[in-house]
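# Coordinate inspection notes
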Amino acid sequence: GYFLPIKDDNGTVTQVQGIARDITEEQKQEALLRETQEIASVGGWQISQNDLTISNKVYDLLERPYHEPLSLEEAITYYIPDHQPILQNALDELWNHGKAFTHELKAQTPSGQRWVRVKGQPYYTNGTFYQIGGIVQDITEQKEARKDRDRFFGHSVELMAVVQNGYFIRANKRWEKLLGWSQQELRECPFENFIHPDYRTLTQEKLGTLEEADTVV
C-alpha cells in the first residue's frame, strides 16, 4: 500500500490518505517462480553500469555467503581456466554487440566442480539498451545422466537408434557391425529402408503411438 500524510497549516498531521492494492496473485506468481527456480536449480544475474548482481541461487551454486560483494572479474575466476575466456568473450560480444549466448561451462566451487549452463541476453527499455543479464543453471546431474545414457547407448549389444523425420540422427555401433555401413551412410538412408516390407505398416503404426505411450513393443 501507499500512504500520504495530510498536514494542516501548522505542520501537524491531521489525516492519512492511502491506496491499497491487492497483490495476492502477484505474490503467488513470485512464490511459484522462486519454487520453480529452486527445482530447476536456476539462478539469475545482471550487469548494469559495470555492477554485477546475482540471485541467491547463484550464491548457493558458488557456495558463497549471501550478498557478499562479487565483481565480474572475480565471478569469471569461478570457472575452470579453459572456460574462462569462453565466458569472457561471450560477455564482451553481448555487451558490445547485443549478441545473446548459451554456454555449458564447468565451474570450480569449494566442494568440487559443477557443470552449469550460462545464458545471457541484452535488455532494452523503449528501444534503448540498458543492461545485460541471464540465468545460471546447475546441470551437473543432467550431464552425468547424459554420460550414463551415452555409455549404455554405445556399448549395448542391441540395435539402438534415434530417428527424426524418417532418418537416423544417431545409431549405435551395433548397426555398423551388423550392416557394415558407416554412420554417415546410415544417416543418409531413410529409416524405413531397413525394415522388411512385410513389417513397414506395422512399424509405422507402432511409431505413431509413441506420443501417447512411454514404451512401444
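Scroll up to find the structure this text is about.
Scope of this entry: the structure provided in the associated data block. (Residues numbered from 1 in each chain as written. Predicted model: local features only at pLDDT ≥ 70, side-chain atom pairs only at ≥ 80, totals over all residues. Heavy atoms only, no water.)

## Here we look at unusual backbone geometry
Negative phi characterises most residues that are not glycine, and trans characterises most peptide bonds. The backbone phi angle of Glu63 is positive, close to 60°, even though this residue is not glycine. Look at His67: it is not a glycine, yet its phi comes out positive at around 65°. Locating His67 in the fold gives a position in the loop between α2 (56-62) and α3 (72-76). Under the relative-accessibility criterion, His67 is labelled exposed at 64%. (Helix = DSSP H or I, 4+ residues; strand = E, 2+ residues; numbered from the N terminus. Buried < 20%, exposed > 50% of the residue type's maximum accessible area, 1.4 Å probe, protein only.)

## Considering the side chain of Thr109
By the secondary structure assignment, Thr109 is in strand β5 (residues 101-109). By relative accessible area, which is 4% here, Thr109 ends up buried. Side chain to side chain, Thr109 and Glu63 meet in a polar contact 3.1 Å long. Ignoring sequence-local partners within four residues, the contact set of Thr109 consists of Leu61, Leu62, Glu63 and Arg114. (Polar contact = N/O pair within 3.5 Å; in protein donor to acceptor, adjacent residues only side chain to side chain. Contact = heavy atoms within 4.5 Å.)

## Describing the pattern of salt bridges
Taken as a whole and assessed by the stated rule, the structure comprises six salt bridges. For Glu104, the salt bridge identified is with Arg117, shortest N-O distance 3.1 Å. With a gap of 13 residues between them, Glu104 in strand β5 and Arg117 in strand β6 (residues 112-125) connect regions that are remote in the sequence. Judged by its relative accessible area of 30%, Glu104 is partly exposed. Between Asp138 and Arg114 there is a salt bridge, with its nearest N and O atoms 2.8 Å apart. Of this pair, Asp138 sits in strand β7 (residues 128-138) while Arg114 sits in strand β6, and the two are 24 residues apart along the sequence. (Salt bridge = Lys/Arg side-chain N within 4 Å of Asp/Glu carboxyl O.)

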